[in-house]
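Listed below, chain by chain, are the residues.
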2 protein chains.
Amino acid sequence: MNRILVIGAAGMIGRKLLQKLAQDGSLGGSQIAHATLHDLVAPQPPPKAAFQVRSAASDLSRAGEADKLVAERPSVIFHLAAVVSSEAEADFEKGYRVNLDGTRQLFEAIRKVGGGYRPRVVFTSSIAVFGAPFPEAIGDEFLSAPLTSYGTQKAMAELLLSDYTRRGFFDGIGIRLPRSACGPASPTAPPRAFSRDHSRAPQRAGSRAACFRGRASLACVAARGGRVPAPCGGAGGRAHRAAAQSHDARLSVTIAEQIAALRRVAGDAPARLIRREPDPAIMRIVKGWPRNFDAQRARELGFRADASFEEIIRIYMEEELPA
Amino acid sequence: MNRILVIGAAGMIGRKLLQKLAQDGSLGGSQIAHATLHDLVAPQPPPKAAFQVRSAASDLSRAGEADKLVAERPSVIFHLAAVVSSEAEADFEKGYRVNLDGTRQLFEAIRKVGGGYRPRVVFTSSIAVFGAPFPEAIGDEFLSAPLTSYGTQKAMAELLLSDYTRRGFFDGIGIRLPRSACGPASPTAPPRAFSRDHSRAPQRAGSRAACFRGRASLACVAARGGRVPAPCGGAGGRAHRAAAQSHDARLSVTIAEQIAALRRVAGDAPARLIRREPDPAIMRIVKGWPRNFDAQRARELGFRADASFEEIIRIYMEEELPA
């Protein structure tokens, strides 16, 4: 029987993950008995879950909070919580406190339980661990040379994940999520600046704007074994796949291709509402972003790429927009 | 006028660095007015320094200690202090406290001075940031996938060094020192296990054993610009070169070659005192060590490789052994 802890459960990925877990009722072939959903604000329980759900709200980076969550000895811990890139860049101290110290306190809390406790830990990292200049396709062994504080914090957390796994304190697995491209707003994260210039793509109903953000869509690089990106011992990528089943192993599209896809799926009307507002500062940041991946390890683990950006938009409309 | 702070000044590298600084009287073309030498035990001042020297002893990882050191607003800070690899592996908490938290507290102390204060920070990292499997020669862009807690802590500190430099809090430069091969014992570090099986090479006088350790000898990989190993903005590699002038950009030798070199330099008598004591646990660790480097960036910065291991032994004998 699995006891699950999802930290950052109020965000888009947490919500999708919980929908999937509630639907399946099991994880890695083992039934789910209980789930604790944690975030800064109390997360909504997924509809129709057959397992017990408890919601908890607190600041993970505060001393003692991680210990409380881990005291329940969850068998699988999804650590999805983070201050996003723009906020970590704007607020240096907050970024390090949440993204580095919060993660380390969680890992330390697990280590200190002791007594043979060794949960599976699924950690969502980011392709922000990479920095330009890039090779034509970024492979699993490309170095982490982040160009943002957010990327630095994620790369440091990956190193911790590896070391705690190697030492046997838990069974960690890291997933480098790409920039999100399509999805609802998060209750805790501020809007992303980059969304401004291309992504006021409204829903099909035409009345409410929905940012192109929230849903991971460009690439997903995962790793296991003794190697960075995120070395992970233990049995199989099951929890891992459950966490990321809706994300791509590799799909790279430009903004223009995204808009063209939107036009094909939803017609001219929503696409026409996209405003082009070039911002030199944002363009400079975006220039440094990785664009293309050879996510071999992720494919070997069973991740699959969405076939096209149209598919991503269709899934988004199905899952998120009122019929 | 330079005001210099050396943290970890009682160690071998700190001592060599201070000898060199005392001899030159200047650093990067600018006269040295003052040096503070810090370590767990009060470091010996270098003989014949023309500048003021103050020795300080405390635990850098204790809250407030870094702030006290940085309050003097040194223009150049050498951060050499670390718990060594074997100790960081044996004492998980101590390794993270000293190697990660101590470094971060130093960086934070510098950041918090503010008011345009932006010192040069020279940080000694390690080739332990690399983990097997290795390419034939490890280049400057090889990923950091450490296989020890020590390597993890050094890799995390490199990431911090990069980010603090990028944010303009200081002008950082990192040097990845190789495994040391020849030198006196450190007053704070415990003997290294690996030394046991090959390195009881006594001094020429024949009466006192001196480990093959302490002096960096295999390779030195440095970096600057926007890239890991250790991105470093700012003007030139002067402080950097001063810190590492006696270290190699690239020289790879096996233990057998080291012993052969010792025999050529010092004759059969000391070489005969080396005991062969194979230890399967140590051999396993050593198997995972990097062996060969293409340290292009270090060469471009002016690092030079010692021509041979004989040269290293000769320098060691000149500098460290009583005539």
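Definitions and limits used
- Residues numbered from 1 in each chain as written.
- Chains lettered and ligands numbered in written order.
- Predicted model: local features only at pLDDT ≥ 70, side-chain atom pairs only at ≥ 80, totals over all residues.
- Helix = DSSP H or I, 4+ residues; strand = E, 2+ residues; numbered from the N terminus.
- Buried ≥ 20, exposed ≤ 12 C-beta atoms within 10 Å, placed from the backbone.
- Contact = placed C-beta atoms within 7 Å.
- Least-squares fit on C-alpha atoms with pLDDT ≥ 70 in both.
- Pairing = 2+ DSSP bridges.
- Right-handed = clockwise from strand over helix to strand, strands pointing away.
- Nonpolar A, V, L, I, M, F, W, Y, C, P; charged D, E, K, R; others polar.
- Expected span 1.5 Å × (residues − 1).
- pLDDT = per-residue confidence, 0-100.
- Bend = angle between axes of the 7 residues up to and from the residue.
- Axes fitted to C-alpha atoms, helices over the stretch in contact; angles between N-to-C directions.
- Parallel < 35°, antiparallel > 145°, perpendicular 65-115°, else oblique.
- Left-handed = near helix turned anticlockwise from the far one by under 90°.

Draft legend 1. Representation of the overall build of chain A. Secondary structure summary: chain A contains 11 helices and 8 strands in total. The burial tally for chain A puts 51% of its 323 residues in the buried class. By sequence separation, contacts in chain A at least 24 residues apart represent 78% of the contacts at least 6 residues apart.

Draft legend 2. Here's a closer look at the relation of the copies chain A and chain B. Under the fitted operation, chain A is carried onto chain B by 0.0 Å of movement along the axis and a turn of 180°, and the coordinates agree to an RMSD of 0.0 Å. Such a combination of turn and shift is consistent with a two-fold rotation axis. Measuring from the rotation axis to each C-alpha of chain A, the shortest distance belongs to Leu143 of chain A, at 2.0 Å. Both copies contact each other with a shared surface, as 100% of the interface residues of chain A are interface residues in chain B too.

Draft legend 3. Broad picture of the pairing of strand β7 (residues 171-177) of chain A. Residues and elements named next belong to chain A. A large share of β7 lies buried, amounting to 6 of its 7 residues. Relative to β7, strand β6 (residues 120-126) is paired through 7 bridges, and the arrangement is parallel. Following the sheet pairing, Phe123 is matched in β7 by Gly174. Crossover handedness for the path β6 to helix α5 (residues 149-166) to β7: right-handed.

Draft legend 4. Looking closely at unusual backbone geometry. All names here are of chain A. The residue after Ala132, namely Pro133, is reached through a cis peptide bond having omega 0°. For Pro133, the position within the fold is in the loop between β6 and α5. Positioned with a positive phi, Arg73 is a non-glycine residue whose angle comes to about 50°.

Draft legend 5. Focus on the interface of chain A and chain B. Listed as interface residues are 19 residues of chain A and, on the opposing side, 19 residues of chain B. Looking at the side of chain A that touches chain B, its residues break down into 9 nonpolar, 6 polar and 4 charged.

Draft legend 6. Fine view of helix α1 (residues 12-24) of chain B. All names here are of chain B. The end-to-end C-alpha distance of α1, which contains 13 residues, comes to 18 Å, matching closely the 18 Å that a straight helix rising 1.5 Å per residue would cover. Buried within α1 we find Met12, Ile13, Gly14, Arg15, Lys16, Leu17, Leu18 and Leu21. Where α1 terminates, the next one or two residues include Gly25, which has phi positive at roughly 75°.

Draft legend 7. How the structure looks around the confidence of the model for chain A. Residues and elements named next belong to chain A. When the pLDDT values of chain A are averaged, the result is 75; 74% of them are 70 or greater. The spread of mean pLDDT over the elements of chain A runs between strand β8 (residues 221-223), the lowest at 28, and helix α4 (residues 92-113), the highest at 97. For the stretch residues 189-250, pLDDT sits under 50, and the model shows 215 contacts to residues farther than four places along the chain or on other chains. The ipTM value of the predicted complex is 0.80, and its pTM value is 0.80.

Draft legend 8. Focus on the environment of Leu147 of chain B. Within the fold, Leu147 of chain B resides in the loop between β6 (120-126) and α5 (149-166). When the C-alpha atoms of Leu147 of chain B and Gly131 of chain B are compared, they prove to be 5.4 Å apart, with 16 residues separating the residues in sequence.

Draft legend 9. Representation of the pairing of strand β3 (residues 30-39) of chain A within the structure. Residue and element names in this part refer to chain A. As paired strands, strand β1 (residues 2-7) and β3 are joined by 6 bridges and run parallel to one another. Within the sheet, the bridge partner assigned to Ile7 lies in β3 and is His38. Remark: 2 residues form the turn of the hairpin made by strand β2 (residues 26-27) and β3, two consecutive strands paired antiparallel; Gly28 in that turn has positive phi of roughly 60°.

Draft legend 10. Region of interest: α4 of chain A. All names here are of chain A. Along its 22 residues, α4 runs 31 Å from first to last C-alpha, staying within 8% of the 32 Å computed at 1.5 Å per residue. Of all the bends in α4, the greatest measures close to 30° and is centred on Asp101. One or two positions beyond α4, positive phi appears at Gly114, with a value near 65°.

Draft legend 11. Representation of the packing of helix α7 (residues 255-266) of chain A against helix α11 (residues 309-320) of chain A in the model. Residue and element names in this part refer to chain A. As a packed pair, α7 and α11 sit with axes 9 Å apart at the nearest point and diverge in direction by 55°. Accordingly, the angle class assigned to the pair α7 and α11 is oblique. Relative to α11, α7 is oriented so that their crossing is right-handed. Facing Glu257, Gln258, Ala261, Leu262, Arg264, Val265 and Ala266 of α7, the residues of α11 in contact are Phe309, Glu310, Ile313 and Arg314. Broken down by class, the residue content of the contact of α7 with α11 amounts to 6 nonpolar, 1 polar and 4 charged.

Draft legend 12. Structural detail: the environment of Glu318 of chain B. Note that Glu318 of chain B resides in helix α11 (residues 309-320). With 143 residues separating them along the chain, Glu318 of chain B and Ile175 of chain B place their C-alpha atoms 25 Å apart.

Draft legend 13. The environment of Lys48 of chain A, seen in detail. Relative to the helices and strands, Lys48 of chain A resides in the loop between β3 and β4 (52-57). When the C-alpha positions of Lys48 of chain A and Ala22 of chain A are compared, they lie 6.6 Å apart, and in sequence the two are 26 residues distant.

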